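Spelled out from the first residue to the last, the chains are:
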Amino acid sequence: MNKTTSAKSRRHSGTFVERTLTGLVRKTERALFAEEIARADGLLQRLDPRVKIVGLLSLVVTVTLSRNLFTILSVFALGVILAVLSKVPVRELALRIWLSALFFTGAIAVPVLFITAGEPLLRIPLIGWTITAQGLTSALYLTSRVEATATLSILLVLCTSWSSVLKGLRVLHVPVVFVVILGMTYRYIFVILETARDMFEARRSRLVGRLDGRERRHIAAGSIGVLLTKSFYLHHEVFLAMQSRGFRGEVYVLDEFAMHSRDWLALAGFAVLVGAAVWLGRQESLQTLLNLS
Amino acid sequence: MHIPDGYLSPETCAVLYAAAAPFWVVALRRIKRLLNTRMVPLLSVFAAFSFVIMMFNIPLPGGTTGHAIGVGIAAVVLGPWGSMLAISVALLIQALFFGDGGITAFGANSFNMAIVGSLVATAVYRVVGRGAEITATRRVAAAGLAGYAAINAAAFLASIEFGIQPLLFHDASGAPLYAPYPLAIAIPAMMIGHLTIAGIAELIAAGGVVAYLQRSNPSLLKFTAPDAPELDSTRVRTPRSMRPLWIGLAALMILTPLGLLAAGTAWGEWSANDLADPAAREHITTVSQGQAPPSAPPEGLARLSEIWTAPIPDYAPAFLSSPAVGYVLSAMFGSGLVILVTTFVGWLFGRRREKLTTTTPIE
Amino acid sequence: MELAATKYAFELADVTYRYDEITALDGLSLQIESGRRIAVLGANGSGKSTLLRLLDGLYFPDKGTIKSFGEPLTEEAMQDEEFAFAFRRRVALVFQNPDVQLFNPTVFDEVAFGPLQLRWEKSDIRRRIDETLESLEISHLKDRSPHRLSGGEKKRVALASVLILEPEVLLMDEPTAALDPKSRGHVIDFLADRSNAARTVITATHDLDIIEDIADHCLVFENGRLAADGTPSAILADHDLLERTNLIHAHRHRHPDGSFHTHPHAHRFHEHDHEHK
């Protein structure tokens with residue numbers, strides 16, 4: 001077979017394998033990135049995970065409760081300040097979170113500018129569409145809310161090791177069994193990710209012929225099937241390993257938390273901020289501050 | 001499909017958390033009773049599995065790829081209760097750790113994809129696969145359709161959740177506070193993508209995995225198919241074909257909208273006229289459990305309903321002018337068009353490659 | 001509940017175990033004295049992993065009986081929490097694949113898991129975790145996630161997770177499989193060290209190079225049956241046995257000085273899993 005065609009067809013038949021592989025690698029890298037930042041010596045890293053979970057999640061809820069842009073943007077700014085104080089690289093944050101949210105939600109929000117009924121603000125020349133004040137406000141609501149909440153929730157995982165997040169969840173009255181399942185799920189995501197990666201890498205090196213759509217779907221479904229079978233075997237082995245060390249269905253865990261004075265201080269700080277933001281968010285008159293009409 | 005934070009109002013999120021909670025509790029109890037000590041490792045590993053396969057690119061007819069949620073597979077292997085827990089856990093880790101899907105919207109995402117998705121998938125799999133042998137081709141079709149129906153049911157719910165936001169939540173100036181598109185836009189916008197790309201990815205994943213397990217590990221399929229007759233290994237089986245699946249899919253595309261029409265104005269499909277008509281308002285109030293809709297139709301909705309009914313001539317029967325028809329038609333046109341185009345493009349490229357390989361000399 | 005000290009750690013009588021259609025163990029009878037160091041040899045699928053799981057009370061025989069420290073080891077007996085806890089504390093299994101054994105978010109949680117399930121005092125648990133990590137020289141890994149550990153580190157954490165219980169019987173499934181030479185050396189040193197807390201050590205392996213260091217008695221398995229038993233040197237000298245049980249290639253020889261030598265010549269035996277056309 002001619003060399004160029006074989007290279008060409010390999011690229012073609014391999015697209016879904018390649019894409020999946022890239023996706024798998026990226027997920028692992030992202031997790032490693034998070035673990036590195038969680039070990040940095042920043043403001044949020046020093047706080048008790050329970051305080052962080054309660055504080056940051058309350059702020060997320062506050063953002064969704066706000067009925068004016070000023071409050072949403074203020075909490076967003078607070079998130080950025082917290083990120084800087086916690087040594088989260090802002091460039092990474094901008095690339096990974098802000099830009100991707102802006103592209104996704106921004107694209108969704110564009111038509112809103114034109115189709116929302118309200119006071120005309122601007123008429124686009126040539127096509128003659130009209131942007132309304134309400135349309136613009138609504139698009140800003142959506143994008144700013146998404147940016148603010150995404151920043152706050154990513155701060156939580158970037159500045160807290162996953163094991164602490166898990167233990168902290170228990171203060172939100174998430175049942176122990178659920179917390180244990182979450183922890184084990186996260187653990188086995190990495191094992192299964194690795195298995196999947198090995199499988200796809202082996203697949204990539206073997207895919208030389210041209211595959212038609214049917215064969216490609218066959219391979220994709222087969223890969224999932226192999227992974228499912230392996231997962232089933234894995235769960236059985238894990239089950240035995242747990243039993244072997246005395247597991248009988250109920251899980252017991254150690255709680256290793258101590259609230260320091262700075263944690264109480266931080267908790268009070270979060271309470272004040274959340275209280276202020278909730279109050280501010282209910283002031284519809286504030287809309288005039290940023291009302292663009 | 002993973003709804004981020006900020007798209008739904010806190011009230012909607014709270015309602016959907018409340019709606020999901022009893023399912024979680026019941027599922028946890030049932031699975032605990034069924035699996036006993038095995039529950040924790042089984043759910044953990046399957047949630048991890050679901051998480052990983054959500055990242056798989058599934059090749060679709062025509063050369064594109066799409067992602068599957070894996071709810072069809074989970075429901076077929078674990079049954080509805082295990083499936084809803086495993087998918088919920090996978091969604092929670094995505095939300096908490098990887099920022100896919102919101103934290104306040106976790107209840108909504110779980111309700112749509114994990115809970116309703118698992119129930120719909122189970123129902124379809126049981127009905128279509130009823131009484132079939134474990135290795136029957138009909139089970140492949142049943143699983144594929146189960147995945148397809150589940151993902152579309154979930155997308156439909158999500159689109160309703162989006163669509164009611166501008167009706168219910170706006171600020172003093174009338175600007176929508178959350179997802180800004182009314183039902184007439186939200187439903188077709190969500191459904192076109194899911195009836196085609198996402199739905200078919202889910203269909204291929206679920207059907208393909210069942211076909212794979214039939215060959216390599218049929219015992220994994222027995223858990224959700226206790227009614228399957230014992231295997232007759234002496235019978236020679238004809239090679240499997242995906243054709244029944246595609247026929248079933250086509251039937252589903254046609255029947256779903258017909259069902260909606262037969263049921264009258266589907267829930268959530270309130271036209272601007274309905275909001276003004278007192279009888280219809282009362283009907284909406286009952287179906288939305290006592291919460292009265294705003295009395296004046298939002299201007300945007302009134303205008304938008306026209307977009308979808310505009311091409312229908314005035315002399316057509318009256319029911320054709322409703323927004324429900326508009327969305328059904330656009331969804332059908334949209335999905336049909338995408339399939340046609342992708343198939344044509346795939347066929348075109350396929351032919352060109354064929355030529356290329358046959359004319360190049362073989363060394 | 002305390003289990004009495006007995007002469008035999010395990011007594012198996014006519015034990016048969018099947019996976020669906022495959023018979024993994026076929027009418028096995030043997031006794032394992034307390035305090036012995038046993039190597040269980042056999043090719044893949046010879047039934048040695050199954051034996052360890054039966055001894056650990058994870059599987060139960062389809063036919064025959066197993067006694068551990070004089071008490072019958074049955075599914076019913078393990079339903080009793082008191083008996084189960086006493087047994088779990090006394091007998092521990094290290095799995096071949098550390099990934100299945102390390103299911104907790106951190107090394108600390110991993111080592112704490114066993115004692116927590118057995119309801120030890122929490123202050124005791126914390127103290128014992130520190131001691132155990134110290135003794136295996138892995139204190140620095142305490143807060144690490146298992147997925148960030150190397151193969152050798154995982155093995156040591158898996159060991160720590162069972163040694164914290166101070167078991168009297170330690171069951172090891174292929175302890176040197178897939179380890180780099182240095183980590184392999186660590187594991188052999190640990191098993192060769194007679195002063196370690198576990199008194200009875202039963203190691204399933206097909207790594208013939210280690211058995212003289214880690215065992216004073218060998219059991220050789222073939223197709224679910226006991227093919228031979230004896231001292232490591234006697235077993236290693238029996239070429240025919242080792243070849244027949246697929247433990248060595250035909251071209252591998254043992255020299256009088258005890259070292260192995262691999263000849264470059266072709267295999268003496270050819271096995272085909274397909275028929276010649």
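In the block above lies the structure referred to throughout.
Residues numbered from 1 in each chain as written. Chains lettered and ligands numbered in written order. Predicted model: local features only at pLDDT ≥ 70, side-chain atom pairs only at ≥ 80, totals over all residues. Heavy atoms only, no water.

1. A short note on the overall build of chain C
Along chain C, the regular secondary structure elements total eleven helices and twelve strands. Within chain C, buried positions represent 52% of all 277 residues. Carbon and sulfur atoms provide 46% of the accessible area of chain C, an area that totals close to 12,900 Å². (Helix = DSSP H or I, 4+ residues; strand = E, 2+ residues; numbered from the N terminus. Buried < 20%, exposed > 50% of the residue type's maximum accessible area, 1.4 Å probe, protein only. Areas by Shrake-Rupley, 256 points an atom, 1.4 Å probe, with all protein chains shown as cover.)

2. Regarding the interface of chain C and chain A
Facing the 39 residues of chain C at the interface are 33 residues of chain A. Put simply, chain C and chain A have four salt bridges between them. At the junction of chain C and chain A, the tally comes to twelve residue pairs in polar contact (both at pLDDT 80 or more). Elements with a minimum of two residues in the side of chain C that touches chain A: helix H2 (75-79), helix H3 (81-90), helix H4 (98-101), helix H5 (107-117), helix H6 (122-135) and helix H7 (151-163) of chain C. In terms of residues, the side of chain C that touches chain A owes the most to one element, H5 of chain C, which gives eight residues. By residue class, the composition of the side of chain C that touches chain A is 19 nonpolar, eight polar and twelve charged. (Contact = heavy atoms within 4.5 Å. Salt bridge = Lys/Arg side-chain N within 4 Å of Asp/Glu carboxyl O. Polar contact = N/O pair within 3.5 Å; in protein donor to acceptor, adjacent residues only side chain to side chain. Nonpolar A, V, L, I, M, F, W, Y, C, P; charged D, E, K, R; others polar.)

3. Some thoughts on the interface of chain A and chain B
Listed by partner, the interface residues are 90 residues for chain A and 79 residues for chain B. For the chain A and chain B pair, buried surface summed over both sides reaches about 7,800 Å², with 72% attributable to carbon and sulfur atoms. Area buried by chain A at its contact with chain B is led by Arg217, Ile224 and Leu228 of chain A, which between them contribute 9% of it. Taken together, chain A and chain B are joined by zero salt bridges. Put simply, chain A and chain B have twelve residue pairs in polar contact (both at pLDDT 80 or more) between them. (Buried area = accessible area lost by both parts, 1.4 Å probe.)

4. Remarks on the side chain of threonine 104 of chain B
Here threonine 104 of chain B lies in the loop between helix H3 (71-97) and helix H4 (106-129). A polar contact of 2.3 Å, which involves the side chain of threonine 104 of chain B, links it to the side chain of aspartate 5 of chain B. Discounting chain neighbours no more than four positions away, the residues touching threonine 104 of chain B are Val60, Val61 and Thr64 of chain A together with Asp5, Cys13 and Tyr17 of chain B.

5. Side note on the sheet that holds strand S6 (residues 91-94) of chain C
Residue and element names in this part refer to chain C. With mixed pairing, six strands are arranged side by side in an open sheet as S6-S7-S8-S3-S9-S10. Of all the strands in the sheet, just S6 and strand S10 (225-230) have a single pairing partner and so form its edges. Taken over all neighbouring pairs, the strand axes of this sheet differ in orientation by 20 degrees on average, direction set aside. Across the sheet, H3 touches S6 and strand S7 (169-173), and the angle it forms with S6 is around 55 degrees. Taken strand by strand, H7 contacts S6 and S7, and its axis lies near 170 degrees from that of S6. (Pairing = 2+ DSSP bridges. Axes fitted to C-alpha atoms, helices over the stretch in contact; angles between N-to-C directions.)

6. Remarks on the sheet that holds strand S5 (residues 71-72) of chain C
All names here are of chain C. Across the sheet, which stays open at both edges, the four strands sit in the order S2-S1-S4-S5 with antiparallel pairing between neighbours. Two strands in the sheet have a free side with no partner beyond their single neighbour: strand S2 (22-33) and S5. Alignment of strand S4 (residues 63-68) against S5, held across two bridges, turns out to be antiparallel. When the bridges of S5 are listed, lysine 67 appears paired with proline 72. Strands in contact with helix H1 (residues 48-55) are strand S1 (8-19), S2 and S4; relative to S1, the strand with the most contacts, it is inclined by about 125 degrees.

7. Comments concerning the pattern of salt bridges
All names here are of chain C. Going through the model one piece at a time under the given rule, you end up with 25 salt bridges over all chains. One salt bridge in this structure joins glutamate 174 and lysine 48, with 3.3 Å as the shortest N-O distance. Remark: lysine 48 occurs in helix H1 and glutamate 174 occurs in the loop between S7 and helix H8 (181-192); sequence separation between them is 126 residues. You'll find glutamate 174 and lysine 48 in the same group, each marked buried. For the salt bridge of glutamate 166 with arginine 89, the shortest nitrogen-to-oxygen distance reads 3.6 Å. Here glutamate 166 is found in the loop between H7 and S7, whereas its partner arginine 89 is found in helix H3, with 77 residues between them in sequence.

8. Concerning the environment of leucine 52 of chain C
All names here are of chain C. In this fold, leucine 52 is placed in helix H1. Here the alpha-carbon distance between leucine 52 and leucine 93, two residues 41 residues apart in the chain, equals 7.6 Å. Contacts of leucine 52, omitting those with residues within four sequence positions, involve Leu93, Leu171, Met172, Asp173, Ile202 and Ala204.

9. Remarks on a nonpolar patch on the surface
Residues and elements named next belong to chain A. On the surface, Leu95, Leu99, Leu102 and Phe103 cluster together into a nonpolar patch covering about 400 Å² of accessible area. Looking at where phenylalanine 103 falls in the secondary structure, it is placed in helix H4 (residues 90-115). According to the relative accessible area criterion, phenylalanine 103 is exposed, its value standing at 61%. (Patch = residues over 30% accessible without salt bridge, like charges linked within 9 Å, V, L, I, M, F, W, Y side chains within 5 Å.)

10. What about H7 of chain C?
All names here are of chain C. Between its terminal C-alpha atoms H7 stretches 18 Å, which fits the 18 Å expected from 13 residues at 1.5 Å a residue. Extensive coverage of H7 is indicated by the burial of ten of its 13 residues. Here H7 has its buried residues at Gly152, Lys154, Lys155, Val157, Ala158, Leu159, Ala160, Ser161, Val162 and Leu163. Buried-residue contacts for H7 involve S6, H4, H5, H6, S7 and H8. (Expected span 1.5 Å × (residues − 1).)

11. Focus on the pairing of S1 of chain C
Residue and element names in this part refer to chain C. As paired elements, S1 and S2 share eight bridges and run antiparallel to each other. For phenylalanine 10, the partnering residue across the bridge sits in S2 and is isoleucine 32. Where S1 folds back onto S2 in an antiparallel hairpin, the turn is made up of two residues, including aspartate 20, whose phi is positive at roughly 45 degrees. Here S1 runs beside S4; their pairing, made up of five bridges, is antiparallel. Paired with alanine 13 across the strands is threonine 65, a residue of S4.

12. As for the nonpolar core
In terms of nonpolar packing, the biggest core is built from 225 residues, with Val52 and Ile73 of chain B together with Ile202 of chain C touching the most fellow members. With 18 residues, the top contributor of residues to this core is H3 of chain B. Those residues in contact with isoleucine 73 of chain B that sit more than four places away from it in its chain are Ile224 and Leu228 of chain A together with Phe49, Ile53, Ala205, Ala206 and Val209 of chain B. By size, the runner-up hydrophobic cluster in this structure holds 51 residues, among which are Ala158, Ala160, Leu179 and Ile248 of chain C. (Core = buried A, V, L, I, M, F, W, Y, C linked by side-chain atoms within 4.5 Å.)

13. Points about the packing of aromatic side chains
Applying the stated criterion across every chain yields a total of 17 aromatic pairs over all chains. Aromatic side chains tyrosine 17 of chain C and tyrosine 59 of chain C sit 5.1 Å apart centroid to centroid with 0 degrees between the ring planes, which places their arrangement in the stacked category. Taken together, the positions of tyrosine 17 of chain C in strand S1 and tyrosine 59 of chain C in the loop between H1 and S4 put the pair 42 residues apart, joining distant regions of the chain. Here the two residues tyrosine 17 of chain C and tyrosine 59 of chain C agree in accessibility, since each one is buried. Taken together, a centroid distance of 6.0 Å and an interplanar angle of 85 degrees make the contact between tyrosine 19 of chain C and tyrosine 59 of chain C edge-to-face. Here tyrosine 59 of chain C lies in the loop between H1 and S4 and tyrosine 19 of chain C lies in strand S1, a separation of 40 residues in the sequence. Classification of tyrosine 19 of chain C as partly exposed rests on a relative accessible area of 34%. Each member of the aromatic cluster is reached from another via a ring pair, and the members are Trp162, Tyr186 and Phe190 of chain A. One residue, arginine 90 of chain C, lies across the ring of phenylalanine 69 of chain C, its end atom 3.5 Å from the ring centre. (Phe/Tyr/Trp six-rings, centres within 6.5 Å; stacked < 30°, edge-to-face > 60°. Lys NZ or Arg CZ within 6 Å of the ring centre and 35° of its normal.)

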